[in-house]
Amino acid sequence: MPKSDEKPFAVPKVMVGEAWRRVKANKGAPGVDGQDLDQFEADLADNLYKIWNRMSSGSYFPPPVKAVEIPKPHGDGVRVLGVPTVADRVAQTVVAMFLEPLVEPQFHPDSYGYRPNRSAHDALEACRERCWKYDWVIDLDVQKFFDEVPWDLVGKAVRAVTDCRWVLLYIERWLAAPLAHPNGAVVQRSKGTPQGSAVSPVLANLFMHYAFDSWMVREFPGCPFERYADDVIVHCATHRQAEHVHSGVAGRMQEVGLRLHPDKTRIVYCKDGRRRAQHEHTSFTFLGYAFRARGARSKGRNFTGFMPAISPEALKAKSVELRRMRIHRRTDLSLDDLARWLNPIVSGWINYYGRFYRSELGPLLRRVNAYLRRWAGRKYKRLRTQQRYGRWLAGLLCRQPSLFTHWRLERSY
């Protein structure tokens, strides 16, 4: 095997191997070539060598990206995801791994999306605390960010952190990779970076670091914000300040080739029990949580606070997902098998949406129990009456109180 120093570009082989381990851990569907992870792994050494050899020699050209349309929430059109081939995901991950240690020290502490040791919950916690301190927020919605982001400014952002020739070369090629649609059409693009690629998150964060984060620090240092990719909440002390910042951000987005959504971007008053002003908008949704006035209790007293809980839209989406699972028809499963199937799914919902104001999950978890009731009646005819089912359930709760994840959370569900 030729040595890496004989190639035009010094791409470390160890990075290619580590990139494969990350791609395998993240799983994912096949790209345009139809090759899945198992098929790629069947000839792993040769496949990884080909990626390294082509990247090192400058002859790596990405294949088209498979376009997959998924519906947006609330019936708001579709979002196009780009699914690269397994080999292309490995190559992209190599570049993402190269960039990560360069960009991480520069990123703003309130940029939370797709970064190590940061999560959506961290962004939500910061947002919650600031809503208690600041009366107003701007709920920013960047319209079609991943479809519209300009390539020249993405390249400029990358060149600000590295002059590595092979990194710049392959990013240019990935940005220009066409989209292959299910009907066979292959569409060339002139802007945007499809969601779903391994390198898109770091490119999006790098672009927004210069386009928004650093700009906000310079222009409006007294207005803290939380940003998760292109989802942004900005905090302001007064309505007048919020209008001024909103106008400034709108202008800035135009400067960098983007637009704020005219209907979804709004100024919101964080109304609670002690804030008496009136405003058209008194709630907003951020990362699947609805922030609004809610009843609370602390140190023996009741009050109304401005707090997050699972949003109605997220609650509806999970209810639809639950219905599609057809739990009551899985009579081929034993009770233990049913628990093993459901628990990881329900645990994921509880872990994410139960972090704040967990009681709002009650309707969803009660629906899980309703499906369990229907399952038991279908599988065991003797349990079709409510009285017999109640006795059976009481005995089960006594013997195995933690059989289902949500039972541990709250028996009353």
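Let us look at the structure shown here. (Residues numbered from 1 in each chain as written. Predicted model: local features only at pLDDT ≥ 70, side-chain atom pairs only at ≥ 80, totals over all residues. Heavy atoms only, no water.)

### Here we look at helix α8 (residues 165-176)
Helix length check: α8, at 12 residues, gives a terminal C-alpha distance of 17 Å against a target of 16 Å (1.5 Å per residue), a fit within 8%. Those residues of α8 that sit buried are Trp166, Val167, Leu168, Tyr170, Ile171, Arg173, Trp174 and Leu175. Those residues of α8 hidden inside the fold are in contact with α3 (44-57), α4 (86-103), α7 (151-159) and α9 (200-219). (Helix = DSSP H or I, 4+ residues; strand = E, 2+ residues; numbered from the N terminus. Expected span 1.5 Å × (residues − 1). Buried < 20%, exposed > 50% of the residue type's maximum accessible area, 1.4 Å probe, protein only. Contact = heavy atoms within 4.5 Å.)

### What to know about the sheet that holds strand β11 (residues 301-310)
Spatially, the 3 strands line up as an open sheet ordered β9-β10-β11, and their pairing is antiparallel. Both outer strands of the open sheet, β9 (284-286) and β11, are each paired with one neighbouring strand and no more. Between one strand axis and the next, the sheet turns by 55 degrees as a mean value, whatever way the strands run. Relative to strand β10 (residues 289-298), β9 runs antiparallel, the two sharing 3 bridges. Along β10, the bridge assignment pairs phenylalanine 284 with phenylalanine 291. Helix α5 (residues 120-133) rests against β9, β10 and β11 of the sheet, and its axis sits at about 65 degrees to β10. (Pairing = 2+ DSSP bridges. Axes fitted to C-alpha atoms, helices over the stretch in contact; angles between N-to-C directions.)

### Section: the sheet that holds strand β1 (residues 65-71)
Pairing is mixed in the open sheet, where 4 strands are placed in the order β2-β1-β4-β5. What marks the edges here is a single partner per strand, and that holds for β2 (78-83) and β5 (186-187).

### Some words on the packing of aromatic side chains
By the definition in use, this model includes 21 aromatic pairs. Ring centres 5.0 Å apart and planes at 85 degrees place the aromatic pair phenylalanine 145 and phenylalanine 146 in the edge-to-face group. On the basis of relative accessibility, which here comes to 2%, the residue phenylalanine 145 falls in the buried class. Classification of phenylalanine 146 by relative accessible area gives buried; the value is 9%. Aromatic side chains phenylalanine 212 and phenylalanine 225 sit 5.2 Å apart centroid to centroid with 75 degrees between the ring planes, which places their arrangement in the edge-to-face category. Highlighted residues: phenylalanine 212 in helix α9 and phenylalanine 225 in strand β6 (residues 225-228), separated in sequence by 13 residues. Every member of this aromatic cluster is reached through a ring pair, and the members are Tyr289, Tyr352, Tyr353 and Phe356. A cation over a ring is seen here: arginine 118 above tyrosine 112, with NZ or CZ 5.8 Å from the ring centre. Between arginine 382 and the ring centre of tyrosine 380, over which it is positioned, the NZ or CZ distance is 5.8 Å. (Phe/Tyr/Trp six-rings, centres within 6.5 Å; stacked < 30°, edge-to-face > 60°. Lys NZ or Arg CZ within 6 Å of the ring centre and 35° of its normal.)

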